[in-house]
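Analysis of the macromolecular model
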Amino acid sequence: MRILGPVTDIPLGEGRTYEVDGEMVAVFRLRDGSVRALSAVCPHRGGPLADGQIDNKVLVCPLHLMAFDITTGCSLSGISDLTVYPVTVDADGHLVISSLTASEVPS
Amino acid sequence: MAPRLVVIGNGMAGARTVEEILSRGGDFDITMFGDEPYGNYNRIMLSNVLAGVEDESGIFLNDLSWYADNGITLHAGRRISRIDRFAKQVYAEDGTATPYDKLIIATGSRAFVPPIPGIHRPGRGYHQGVFAFRTLDDTRSMIRYAREHERAVVIGGGLLGLEAARGLQNHVSQVTLLHAMGHLMNTQLDAQAGAILQRSVEKLGIEVVCDAMTTEILGKHAVTGVKLSDGRVIDCDVVVVAAGIRANTEVAAASGLVVERGIVVDDQMRAQDEPDIYVVGECAQHRGETYGLVAPLWDQAKVLADHLTGRDPQAAYHGSRIATKLKVAGVDVASMGLKESDREDDETLVFSEPRKGIYKSVIIRDGRLVGATLVGDVKKVAFLMQAFDRGLALPEDRVELMFDLGGPPAEVSAAELADDAQVCNCNGVTKGTIAETVHGGCKTVSGVMDRTRAGKGCGTCKSLVAQIVEWAAGGAVEEDPKASWYVPGVPMPKPELMAAIRKYDLRSVSSVFAKLVPGGEEDAKSKMGLASLLKMMWGDRYIDERDARFINDRVHANIQRDGTFSVVPQMKGGVTTPAQLRRIAEVAEKHAVPMVKLTGGQRIDLLGIPKETLPKIWADLDMPSGYAYGKSFRTVKTCVGSDFCRFGVGDSTALGIALEERYQGIEGPGKMKLAVTGCPRNCAEAYVKDLGVVAIDGGRWELYVGGAAGAHVRKGDLLATVESPEEVITLTGRFLQYYRESANWLERTYAWVPRLGIEHIRAVVVDDAEGIAADLDAAMAASVAAYRDPWKERAEPATPGQFRTSLPLVVLPQVPVR
Ligand code: SRM
Ligand SMILES: Cc1cc2nc3c(=O)[nH]c(=O)nc-3n(C[C@H](O)[C@H](O)[C@H](O)COP(=O)(O)OP(=O)(O)OC[C@H]3O[C@@H](n4cnc5c(N)ncnc54)[C@H](O)[C@@H]3O)c2cc1C
Ligand code: SF4
Ligand code: FES
């Protein structure tokens, strides 16, 4: 588990990039109040996904406007999918992400 | 061995017949000969290619791989010169012989070029500057030539001539249409409808001359004009001949087939007295009729395929009832059957509203529709065509034939159509085919259009296609952003959207989604367009939700391929000072800016700036933003003008600076790029700007609008000539405001101006014909007053982490080095 900081660090409807266990993770705060975490780099040509625009379903990369399902990470434009990371907001309003290495190694 | 089928002519009829044969599982060894060096393309769309609304690549129906995939041997670019009916062989021009068991002739027509003196050059084809309009090659060379010339004359005021004239406006500044008859489209329209059409066409800026007999094409080395029988000379450098077509029957005639106006065929499309030779398309003459439209050839192709494949050897063609539509943006014309009643007991209804360019007439005989004409308003065309084609019973209230009087909603009419009713006449697609495609799982209008080609011809049936898809999907049509919506996620065209925003006082993007989208669903791809629209409408009172902005507008810089940004400070009118240059140089050095570049917009670009450095750079520069990133007012390029230039007749730099000072940063549906140039030598490229100002002798200024020299090249239209710089500034503001309020999202002025027509824009902006000039001026003044330099946001970020990097903070795993 890692605490990334207060959820209010991310403006409503935007995304910010965090480093977690050596991985780049883009965390988004949707307008419905929920949060999502996905790989931060666009598989197309490396676009910074946290700079993209979102709604409650879709994330659009700022460089060439390829779209991804913001919940599943699936590409909606026929390119590779994004990795999705489990992220939540705790009782103190902090973003919590489970350690990536831990989630990858089944215990 | 499968029987050998040879097809002469690889145009719309030939290729379609082969498609129909293949779809019936016909087993033939097929060889096709085409005079044109291409696969098969949609000839109808050449009008759209000329008008610049369609790419060449978009009009191909079957590319070369289709022929290969279906085992068809295609000889593209090979002309057949003779048929030996006895040896059953065709001979190509190069002498090679190809044997056949069955032969299809589909050689179509060619342009008819009247023998006007000067139209040909002895031994060299057409005179330099003269073009026919029939093939892709014709269209290409016409475009290439027209682009470099100024004035065009089109000979022929029928469908093709009108489409040619409208298309040419895209390439030359002046187009004159000459028609030998008393009124336009005289084959389809009566005199009254023709006169109304003429007015609408003139409103588009096309000069029309009827009763114009061309007696000579002038010009020694290239066309310089045309001469009419009344002695009038019309100067021009391009002449397009659209005076009708002639069937290509020479090969058939020379080979001994029966030829009158076309090659004579029976009801199975078989050439007279020839058991193995068939004819389809424009070159065929059936029961005395030849056709010049595609709808009949779809019917012919089906009959012939049924007959040849044995699916229905008795299949018979009984002729087609044809309807015509004009594909000229801004002028709707549809006609079918009789244009005038010729019997006393016919019922005739006529409605005419010349001021609005509307004319409608229907002719009813024995309770059946036998003719209809619609000009200016073609909403009822689908219904009328069905009634005409199938002899349907007509509503008791005859006026319902012309108007929707609380009549049945659209879906009902889609349901009522017969399954085999042809919906798309350009591509011969029936309601049944559309319904099947939808039932097969394709539930978007655009998806169905892609698969069936319905609506992909002249486009006039698109709304009917959409209705049928809706009907067939039983309400389960998948989201299909209608072309008319302002943004894909809010189901409204711009005027309705703006009215609803005002009505409900919606001042933020999220409130628009909540109120105007069924279910309140947000749409990422609509946010930027809505943000721009709301900002324009509300100015200071706009509630600015930062997530609605595209990244460029969040950080006031242009994102680049590596995720860094570019910084372009304002440099009004392209004028700078040594102090400014020194400061830019120092900033570039201090922050190790990777590249400093002069832009095409007469200013300086600092490229490759990390997001987190932006506020520091702005602070060090202490210059206002140049807005090189937004859909907004960008630059005013100027030339040195009367202050320094020996030819300058106006102070272009001062006026350019004044314009930029006033309208800086104003957001809009698209970029707005301006220029002011000190004389018609045009060193600031004002003729190709969204708005370009040209100083002319006598202290006056010309305003050109709708010009472009980007992805699209267009010379601007002259909006007005005014006496003073103050008037330039006022008209500029009013023009830009009208554009901001009525253009579609991302529609630059080069598309918007021709869409509305310069005459209309001039009436509104210069002559205040709609009485809205004062409102436009006031709205623009409010936007000007609301301007804040966004680079002032540097002291305190507008949102947490506004300038935090989104780039990899750590080195990502690299591809291993071998
Ligand atoms: C910097 C500059 C090129 C240069 O080095 O000179 C430039 C750079 C870009 N242009 Fe441009 N254009 C630049 C002058 C032009 C001009 C010339 C002019 O302004 O006089 C044109 C033709 C005029 C016009 O706009 O019609 C021009 C026509 C375009 C177009 C085509 C627009 C069209 O509809 O025809 C695009 C694409 C678009 O807008 O969708 C475009 C898009 C772009 C973008 C913004 C692409 C993008 O979205 O990222 C480029 C940003 C590069 C970057 O990483 O910063 N740029 N671009 C010029 C900045 C001028 C300025 O000072 O503001
Ligand atoms: C600009 C334009 C716009 C149009 N718009 C419309 C419209 O909106 N609606 C509509 O219904 N119709 C429209 N038409 C008409 C429509 O394109 C024709 O009716 C249709 O193309 C006829 O098909 P076809 O196969 O008979 O002839 P074509 O399509 O002309 O095909 C004949 C082919 O045979 C080739 N050929 C001729 N002789 C030989 C030979 N000896 N050997 C080998 N090949 C040969 C020709 O080169 C040509 O490629 C338009 C036509 C033009 C030019
Ligand atoms: S032409 Fe414009 S858009 Fe294209 S690479 Fe150059 S700067 Fe970029
Ligand atoms: S880099 Fe993301 S769409 Fe191209």
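Quantities reported herein were computed from a predicted structural model and do not represent experimental measurements. (Residues numbered from 1 in each chain as written. Chains lettered and ligands numbered in written order. Predicted model: local features only at pLDDT ≥ 70, side-chain atom pairs only at ≥ 80, totals over all residues. Heavy atoms only, no water.)

**Quick notes on the overall build of chain A**
Check the secondary structure of chain A and you find 1 helix and 10 strands. Seen in sequence order, chain A has helices and strands lined up from the N terminus as β-β-β-β-β-β-β-β-β-β-α. The buried share among the 107 residues of chain A stands at 51%. Taking contacts inside chain A between residues at least 6 apart in sequence as the whole, the part at least 24 apart equals 38%. (Helix = DSSP H or I, 4+ residues; strand = E, 2+ residues; numbered from the N terminus. Buried < 20%, exposed > 50% of the residue type's maximum accessible area, 1.4 Å probe, protein only. Contact = heavy atoms within 4.5 Å.)

**So, the site of ligand 2**
All names here are of chain B. Ala13, Glu36, Arg134, Glu282 and Lys327 are the nearest of the 33 residues found near ligand 2. Between ligand 2 and Arg43, the relevant distance is 2.8 Å, taken from an oxygen atom to a side-chain nitrogen or oxygen of the residue. Ala106 places a main-chain nitrogen or oxygen 3.5 Å from an oxygen atom of ligand 2. Protein burial of ligand 2: of its 980 Å² of free accessible surface, 93% is covered by the chains. (Near = heavy atom within 4 Å. Polar contact = N/O pair within 3.5 Å; in protein donor to acceptor, adjacent residues only side chain to side chain. Areas by Shrake-Rupley, 256 points an atom, 1.4 Å probe, with all protein chains shown as cover.)

**Quick look at the sheet that holds strand β28 (residues 358–365) of chain B**
Residue and element names in this part refer to chain B. Strand order in this open sheet of 5 strands is β25-β26-β29-β28-β27, and the pairing throughout is antiparallel. Looking at strand neighbours, the two that pair on one side only are β25 (323–325) and β27 (347–353), the edges of this open sheet. Neighbour-to-neighbour, the strand axes of this sheet turn through a mean angle of 10°, independent of strand direction. Relative to β28, β27 runs antiparallel, the two sharing 7 bridges. The residue bridging Glu347 from the neighbouring strand is Ile364, located in β28. Helix-sheet contacts for helix α9 (residues 381–390) involve β25, β26 (333–337), β28 and β29 (368–375), and the interaxial angle to β29 is about 155°. (Pairing = 2+ DSSP bridges. Axes fitted to C-alpha atoms, helices over the stretch in contact; angles between N-to-C directions.)

**What to know about helix α1 (residues 12–23) of chain B**
Given 3.6 residues to a turn, an α-helix orients residues that are three or four positions apart in the same direction. Residue and element names in this part refer to chain B. Between its terminal C-alpha atoms α1 stretches 16 Å, which fits the 16 Å expected from 12 residues at 1.5 Å a residue. Here α1 lies mainly inside the structure; 10 of its 12 residues are buried. Within α1 the residues assigned to the buried category are Met12, Ala13, Gly14, Ala15, Arg16, Thr17, Val18, Glu19, Glu20 and Ile21. In the segment just after α1, Gly25 is the residue with positive phi, at about 70°. (Expected span 1.5 Å × (residues − 1).)

**Brief notes about the environment of Arg755(B)**
Residue and element names in this part refer to chain B. For Arg755, the position within the fold is in helix α22 (residues 749–756). A C-alpha to C-alpha distance of 9.3 Å links Arg755 and Leu204, two positions 551 residues apart in sequence. Non-local contacts of Arg755, meaning those with residues more than four positions away in its chain, are made with Ser742, Ala743, Asn744 and Glu747. In this structure the side chain of Arg755 is engaged in a polar contact, spanning 2.7 Å, whose partner is the side chain of Glu747.

**A short note on the site of ligand 1**
Residues and elements named next belong to chain B. Neighbouring ligand 1 are 22 residues, the closest being Thr599, Gly600, Arg603, Lys671 and Tyr750. Taking Lys597, its side chain carries an N or O atom lying 2.8 Å from an oxygen atom of ligand 1. Of the residues in the shell around ligand 1, the class split is 4 nonpolar, 9 polar and 9 charged. (Nonpolar A, V, L, I, M, F, W, Y, C, P; charged D, E, K, R; others polar.)

**Concerning the interface of chain A and chain B**
In this complex, chain A contributes 30 residues to the contact, which on the side of chain B involves 34 residues. Across the chain A/chain B interface, buried area totals approximately 2,600 Å², and carbon plus sulfur atoms make up 52% of it. Summed over the three residues of chain A that lose the most area to chain B, namely Arg31(A), Asp51(A) and Gln53(A), the buried surface amounts to 26% of that side. Between chain A and chain B we count 5 salt bridges in total. A salt bridge links Lys57(A) to Glu521(B); its shortest N-O distance comes to 3.1 Å. Where chain A touches chain B, the interface holds 13 residue pairs in polar contact (both at pLDDT 80 or more). Counting only elements with at least two residues in the side of chain A that touches chain B, the list comes to β2 (15–20), β5 (53–54) and β6 (58–60) of chain A. Per element, the largest residue contribution to the side of chain A that touches chain B is 4 residues, and it comes from β2(A). (Buried area = accessible area lost by both parts, 1.4 Å probe. Salt bridge = Lys/Arg side-chain N within 4 Å of Asp/Glu carboxyl O.)

**Remarks on the sheet that holds strand β4 (residues 35–39) of chain A**
All names here are of chain A. Overall, antiparallel pairing links the 4 strands, which are arranged β2-β3-β4-β8 in an open sheet. At either end of the open sheet lies a strand with only one pairing partner, and these are β2 and β8 (84–85). Pairing between β2 and strand β3 (residues 23–29): 6 bridges, direction antiparallel. Across the sheet, Thr17 pairs through a bridge with Ala26, a residue of β3.

**With respect to the packing of aromatic side chains**
Residues and elements named next belong to chain B. Throughout the structure, instances matching the rule amount to 16 aromatic pairs over all chains. Look at Phe351 and Phe403: their rings are 5.0 Å apart centre to centre, the planes differ by 90°, and that puts the pair in the edge-to-face class. In this pair, Phe351 sits in strand β27 while Phe403 sits in the loop between α9 and α10 (410–416), placing the two residues 52 residues apart along the sequence. Both rings, one in Phe735 and one in Trp752, keep their centres 5.7 Å apart while their planes meet at 70°; by these two values the pair is edge-to-face. Residue Phe735 is found in helix α21 (residues 725–742), and its partner Trp752 is found in helix α22; the two are separated by 17 residues along the sequence. Counting every residue linked through ring pairs, the aromatic cluster contains Phe735, Tyr738, Tyr739 and Trp752. The ring of Trp471 has Lys431 lying over it, and the distance from NZ or CZ to the ring centre is 4.1 Å. (Phe/Tyr/Trp six-rings, centres within 6.5 Å; stacked < 30°, edge-to-face > 60°. Lys NZ or Arg CZ within 6 Å of the ring centre and 35° of its normal.)

**Regarding the UniProt feature "binding site: [4Fe-4S] cluster" (unreviewed entry) in chain B**
All names here are of chain B. UniProt annotation of "binding site: [4Fe-4S] cluster" (unreviewed entry) refers to Cys639, Cys645, Cys679 and Cys683 when read in the numbering used here. Spanning 45 residues, the named residues form one tight spatial group whose C-alpha atoms are at most 10.9 Å apart. Topologically, Cys679 is positioned in the loop between β37 (672–677) and β38 (691–696). Residue class for Cys679 comes out buried when judged on its relative accessible area of 8%. Ignoring anything within four residues of it in the chain, the contact list for Cys679 reads Phe647, Val649, Val694 and Ala695. Along the chain, Cys683 turns up in the loop between β37 and β38. (UniProt positions renumbered as here; feature names shortened; annotations may be inferred.)

**Regarding helix α24 (residues 773–785) of chain B**
Residue and element names in this part refer to chain B. The end-to-end C-alpha distance of α24, which contains 13 residues, comes to 18 Å, matching closely the 18 Å that a straight helix rising 1.5 Å per residue would cover. When α24 is considered as a whole, its buried residues turn out to be Ala773, Leu776, Met780, Ser783 and Val784. End-on, the buried residues of α24 take up no more than an arc of 100°, which puts them together on one face. Facing away from the buried surface of α24 by more than 90 degrees, the exposed residues are Ala774, Asp775 and Ala785. (Arc of directions from axis to C-beta.)

**Looking at the nonpolar core**
Residues and elements named next belong to chain B. Ile83, Val90, Leu103, Ile104, Ile105 and Ile434 are the most contacted members of the largest nonpolar core, which has 73 residues in total. Looking at this core, you find at least three residues from each of domain 1 (4–110 + 247–309) and domain 4 (414–484). Among residues more than four places away in sequence, those in contact with Ile83 are Ile8, Gln89, Val90, Tyr100, Leu103, Ile105, Val251, Ser255 and Ile277. If you look at the next biggest cluster of nonpolar residues, it comprises 67 residues, including Trp538, Ala588, Leu606 and Trp791. (Core = buried A, V, L, I, M, F, W, Y, C linked by side-chain atoms within 4.5 Å. Domains from an automatic or database assignment.)

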